[in-house]
Amino acid sequence: MRKNRVLVTGGAGFLGSHLCDRLIKDGNDVICVDNLFTGSKDNIRHLLDNPYFEFIRHDVTQPLFIECDQIYNLACPASPKWYQKDPIYTFKTSVYGAMNVLGLAKRTEARVLQASTSEVYGDPEVNPQPEDYRGSVNTIGIRSCYDEGKRAAETLFFDYHRKHGVDIKVMRIFNTYGPRMDVGDGRVVSNFICQALKGEDITIYGDGNQTRSFCYVDDLIEGMVRMMNSRDGFTGPVNIGNPDECSIEELAKTVIGLTDSSSKIIHKPLPLDDPVRRKPLIDLARKELDWEPGIALSEGLKNTIEYFAEVL
Ligand code: NAD
Ligand code: UDP
């Protein structure tokens, strides 16, 4: 017997496709909704013949009418390169998308999980970032279409919860990487690996002293499924990410080492409002979800390099 009918918006993207794999493996009936803005059918091709998997090409800024027990809301471009291409559309995707899945959850009484982000903390003044830190976001900057869109989505989730009793789960995802990131995605891990494998210059933006904390996709998906199935009444927000902080320069050197590449490091201007430090505090995830990441950066990078070596 199938366990749940699960809707995954953004299911043809990097994280969404791994989530669909996991949900199918766990015996669920999965409906993947995606408009393929940054995702690709290639990410879910292996699932298309599975009778328990359905793909629907749909834009979440429009309402959806589907019967389901659980909803994972991942639809939204996540890479600065892509979310800044059409900032108004990015904002609409976050806000209208949240309203549409929340309306659906209200009608069907489904539990709904929001893929929020560490970007709600903006360029943080505290390090590491706990969930009760309210953030430092430039409301009029080039990243705010994404940051403020995701913040507004969190607001909607909590208002639907308080006003209509919708069963919500909010998780704040920190930088996650792994196989199926798109070659042209523009995020740092895929850029550095592709550049190293092709022997091209490795492009560090700024001096490379800015930090991020990189979580391997398998760890992230485990945290996401645990959050969805966490105890009644636990809404989050909860940080899910790897607390191992790493500078962008260190990442570049590690990638060069692991690929045995002849690529040289070059520096390009730092984009506006690029956060200086980012590291999650994950005490809440440990306590509520009994979760912590288990895959070290070097191990996750090796798997990711293998993937890109095949794709390129
Ligand atoms: P991604 O770009 O690979 O996936 C996003 C998916 O959403 C794509 O398949 C895209 O086609 C789809 N999409 C975009 N707009 C849509 C719309 N209007 N209607 C329907 N589908 C739409 O990115 P990802 O890394 O897989 O991120 C997935 C989610 O996780 C996003 O919501 C993102 O904000 C969040 N997140 C990811 C990270 C990370 O490091 N990967 C960090 C924080 C938050
Ligand atoms: N970055 C970089 N070179 C690249 C792509 C990104 O130095 O080719 C830097 C970027 O400026 C940021 C960090 O890497 O400081 C992470 O960028 P990414 O776009 O992956 O994610 P985000 O900034 O949203 O965390």
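It should be noted that the structure appears before, not after, this text.
Only a predicted model underlies this, so the values are computations on that prediction, with no experimental measurement involved. (Residues numbered from 1 in each chain as written. Chains lettered and ligands numbered in written order. Predicted model: local features only at pLDDT ≥ 70, side-chain atom pairs only at ≥ 80, totals over all residues. Heavy atoms only, no water.)

A closer look at the environment of Gly257
Part 1: Within the secondary structure, Gly257 sits in helix H7 (residues 248-259).
Part 2: Residues Gly257 and Phe37, spaced 220 residues apart in sequence, show a C-alpha to C-alpha distance of 33 Å. (Helix = DSSP H or I, 4+ residues; strand = E, 2+ residues; numbered from the N terminus.)

Quick notes on the packing of helix H5 (residues 188-198) against H7
Part 1: Look at H5 against H7: their axes get within 9 Å of each other, and the N-to-C directions meet at 40°. Classified by the angle their axes make, H5 and H7 are oblique. Between H5 and H7 lies a crossing of right-handed hand. Residues Val188, Val189, Phe192, Ile193, Ala196 and Leu197 of H5 form the contact with H7, whose own contacting residues are Ile248, Leu251, Ala252, Val255 and Thr259.
Part 2: Split by residue class, the contact of H5 with H7 holds 10 nonpolar, one polar and no charged. (Axes fitted to C-alpha atoms, helices over the stretch in contact; angles between N-to-C directions. Parallel < 35°, antiparallel > 145°, perpendicular 65-115°, else oblique. Left-handed = near helix turned anticlockwise from the far one by under 90°. Contact = heavy atoms within 4.5 Å. Nonpolar A, V, L, I, M, F, W, Y, C, P; charged D, E, K, R; others polar.)

Considerations on the pattern of salt bridges
Part 1: As enumerated under the stated definition, the model contains 23 salt bridges in all.
Part 2: Of the charged contacts, one joins Arg45 and Asp42 as a salt bridge, the two residues approaching to 2.3 Å between their closest N and O atoms. You'll find Arg45 and Asp42 in the same group, each marked exposed.
Part 3: Where Arg187 meets Asp185, a salt bridge forms, and the shortest distance between an N and an O atom there is 2.6 Å.
Part 4: Judged by its relative accessible area of 21%, Arg187 falls in the partly exposed class.
Part 5: Residues joined in a network through salt bridges with shared partners are Glu119, Arg143, Arg212, Asp274 and Arg278. (Salt bridge = Lys/Arg side-chain N within 4 Å of Asp/Glu carboxyl O. Buried < 20%, exposed > 50% of the residue type's maximum accessible area, 1.4 Å probe, protein only.)

A few points about the site of ligand 2
Part 1: Taken together, 17 residues sit near ligand 2, with Thr203, Tyr205, Arg212, Asp274 and Arg278 positioned nearest.
Part 2: At a separation of 2.9 Å, an oxygen atom of ligand 2 approaches a polar side-chain atom of Asn175.
Part 3: Side-chain polar atom of Arg212 to an oxygen atom of ligand 2: 2.8 Å apart, as the coordinates give it.
Part 4: In the complex, the protein chains occlude 95% of the 520 Å² of accessible area that ligand 2 would expose alone.
Part 5: Here the residues of the shell around ligand 2 sort into seven nonpolar, five polar and five charged. (Near = heavy atom within 4 Å. Polar contact = N/O pair within 3.5 Å; in protein donor to acceptor, adjacent residues only side chain to side chain. Areas by Shrake-Rupley, 256 points an atom, 1.4 Å probe, with all protein chains shown as cover.)

Details of helix H9 (residues 297-311)
Part 1: Spanning 15 residues, H9 covers 21 Å between terminal C-alpha atoms, matching the ideal 21 Å at 1.5 Å per step.
Part 2: Buried-residue contacts for H9 involve strand S7 (176-177), H5, strand S10 (215-216) and H7. (Expected span 1.5 Å × (residues − 1).)

Some details on the sheet that holds strand S3 (residues 53-57)
Each strand in a sheet pairs with another by means of backbone hydrogen bonds, the pair being arranged parallel or else antiparallel.
Part 1: Spatially, the seven strands line up as an open sheet ordered S3-S2-S1-S4-S5-S6-S11, and their pairing is parallel. Only two strands of the sheet have a single partner each, and these edge strands are S3 and strand S11 (238-240). Going across the sheet, the axis of each strand differs from the next one's by a mean of 20°, ignoring polarity.
Part 2: As judged from the six bridges shared by strand S5 (residues 111-117) and strand S6 (residues 168-173), these two strands associate in the parallel manner. In the sheet register, Ser116 faces S6, and the bridge partner there is Arg172. (Pairing = 2+ DSSP bridges.)

Focus on the packing of aromatic side chains
Part 1: Scanning the entire structure with this criterion turns up eight aromatic pairs.
Part 2: Between Tyr177 and Tyr216, the aromatic rings sit 5.6 Å apart at their centres with planes inclined by 65°, giving edge-to-face as the arrangement. A residue pair is termed long-range when its members are at least 10 positions apart, and Tyr177 in strand S7 and Tyr216 in strand S10 qualify at 39 residues. Tyr216 shares its class with Tyr177; the two are buried.
Part 3: Look at Tyr307 and Phe308: their rings are 5.2 Å apart centre to centre, the planes differ by 75°, and that puts the pair in the edge-to-face class.
Part 4: Taking the relative accessible area as the measure of exposure, Tyr307 reaches 24% and is therefore partly exposed.
Part 5: For the cation-ring pair, Lys85 lies above Trp82, with the distance from its terminal atom to the ring centre recorded as 4.1 Å. (Phe/Tyr/Trp six-rings, centres within 6.5 Å; stacked < 30°, edge-to-face > 60°. Lys NZ or Arg CZ within 6 Å of the ring centre and 35° of its normal.)

A word on the nonpolar core
Part 1: Grouped together as the largest cluster of nonpolar side chains are 57 residues, with contacts concentrated most on Leu19, Tyr72, Met171, Leu220 and Met224.
Part 2: At seven residues, the largest contribution of residues to this core is made by helix H6 (residues 217-228).
Part 3: When residues no more than four places from it in sequence are discounted, the contact partners of Met171 are Leu113, Gln114, Ala115, Ser116, Thr117, Leu220, Met224, Met227, Val238 and Ile240.
Part 4: If you look at the next biggest cluster of nonpolar residues, it comprises 25 residues, including Val95, Leu104, Ala105 and Ile168. (Core = buried A, V, L, I, M, F, W, Y, C linked by side-chain atoms within 4.5 Å.)

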